[in-house]
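For reference, the chains in residue letters:
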Amino acid sequence: MSTSTASLMDGTALARRTVEETAVRAAEITRRTGVTPCLATVLVGADPASVTYVKMKQNRCAKAGIRSRHVELPASTTTEELVAAITALSEDPEVHGILLQHPVGPHIDERAAFEAIAPAKDVDGVTMASFAAMGFGLPGFVSCTPGGIMRLLDEYRVELSGKRAVVVGRSAILGKPAGLLLLGRDATVTYCHSRTTELSSIVQEADILVAAVGKPRFIKGEDIKPGAVVIDAGYNPGNVGDVDFETAAERACLITPVPGGVGPMTIAVLLAQTVDGAERQLGL
Ligand code: NAP
């Protein structure tokens, strides 16, 4: 039997509310301008997981009153062809957000493809311009999963200023931007990665822990500081996170479940940022 003491951070409920609010904003844009916000998704090849993710995003768009435009390219697409397709979307006034589903295949220069996304339409927060704006604390689009993490922390009124935040993982789409966003809110941030020594003792100091590793139950409850806030961004086969939930929940004060924590927030932020983009591009 679990002796869990932590309260759950319910990402499913917050994502639902975020999508509902986004749908209201999308409908208002359509009412005022006659233009419906539009997200373009670009898929290269037919990797089953990528096909599923793109379909899921299109379904959610439809529920939020956002149009989706889908560009499907064969796996043999070259970097130049992909850049040309994305550039056309960047220049198309009917498209307000662009999402390139990745990975795109090893023969493609993924960075060049991302950089073909106009920063004003970078609703997935993947361009260097978006990353730099986030680093400088300027307005712009953030990477969706870290953006979702920050919304969860705010929803549960987690004090960040002066707190010790530890981010385990430093990927460009998750760990690194999550740490920068926490730093921007005056947390004292430590990054851990595969070369970190004495990981346990660093994790033990965390008032706020973000686990973004991709290894099932990698962080054990015994390393959680009593009263810590635990954000588990991991999503591993078998619906298991990067944190050993049962033991961590005995010590944390707030914890995200897997599934139902960080996961649902990612698409919610994508939709919200698409509507943000449409509002800005339409001058509202
Ligand atoms: P990734 O690109 O593979 O990055 C994993 C990070 O973990 C790397 O920075 C790596 O360090 C670090 N790491 C690996 N082994 C470690 C160890 N033994 N000790 C400490 N750090 C270690 O993965 P990702 O894309 O960031 O995703 C991480 C997890 O989040 C996955 O489970 C993924 O499924 C999940 N995820 C969820 C969502 C969502 O909820 N919507 C979105 C994206 C990702 P190095 O940099 O040194 O290699």
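Here the structure is shown first, and the text comes after it.
All chains use their own residue numbering, which begins from 1 and follows the written sequence. Local features in a predicted model are, by the rule used here, given only for residues with pLDDT of at least 70; side-chain atom pairs are given and counted only at 80 or more, and totals for whole chains, interfaces and linings are based on all residues. Side-chain metrics rest on all non-hydrogen atoms present in the structure, leaving aside hydrogens and water.

## So, the pairing of strand β6 (residues 188–192)
To keep it simple, the criterion reads: Whether two strands pair comes down to DSSP finding at least two bridges between them. In DSSP terms, a helix is any run of H or I states spanning at least four residues, a strand is any run of E spanning at least two, and both are numbered starting from the N terminus. We call a crossover right-handed when, viewed with both strands directed away from the observer, the connection leading from the first strand over the helix to the second proceeds clockwise.
Bridge count between strand β5 (residues 164–168) and β6: five bridges; the pairing is parallel. Residue Val167 lies in a different strand from β6, and its bridge partner there is Tyr191. For the crossover from β5 across helix α7 (residues 175–184) to β6, the handedness is right-handed.

## Points about the pattern of salt bridges
Proximity of charged atoms lets side chains of opposite charge pair with each other. Going by this rule: Think of a salt bridge as a Lys or Arg side-chain nitrogen and an Asp or Glu carboxyl oxygen that are within 4 Å of each other. Buried means the residue's accessible area, taken with a 1.4 Å probe over protein chains only, is under 20% of the maximum for its type, while exposed means over 50%, and partly exposed covers the values in between.
Going through the model one piece at a time under the given rule, you end up with 11 salt bridges. Note that Asp276 and Arg25 form a salt bridge whose closest N and O atoms lie 2.5 Å from each other. With Asp276 in helix α10 (residues 263–281) and Arg25 in helix α1 (residues 11–33), this pair connects stretches of sequence that are 251 residues apart. A salt bridge links Glu94 to Arg69; its shortest N-O distance comes to 3.8 Å. Pair noted here: Glu94 is in the loop between α3 (79–91) and β4 (97–100) and Arg69 is in strand β3 (residues 67–73), with a separation of 25 residues, a long-range link. Note on Glu94: relative accessible area 46%, which makes it partly exposed. Counted as one network, the salt bridges with shared partners bring together Arg25, Asp276 and Glu279.

Keep in mind that these numbers describe shape and distance, not what the molecule does.
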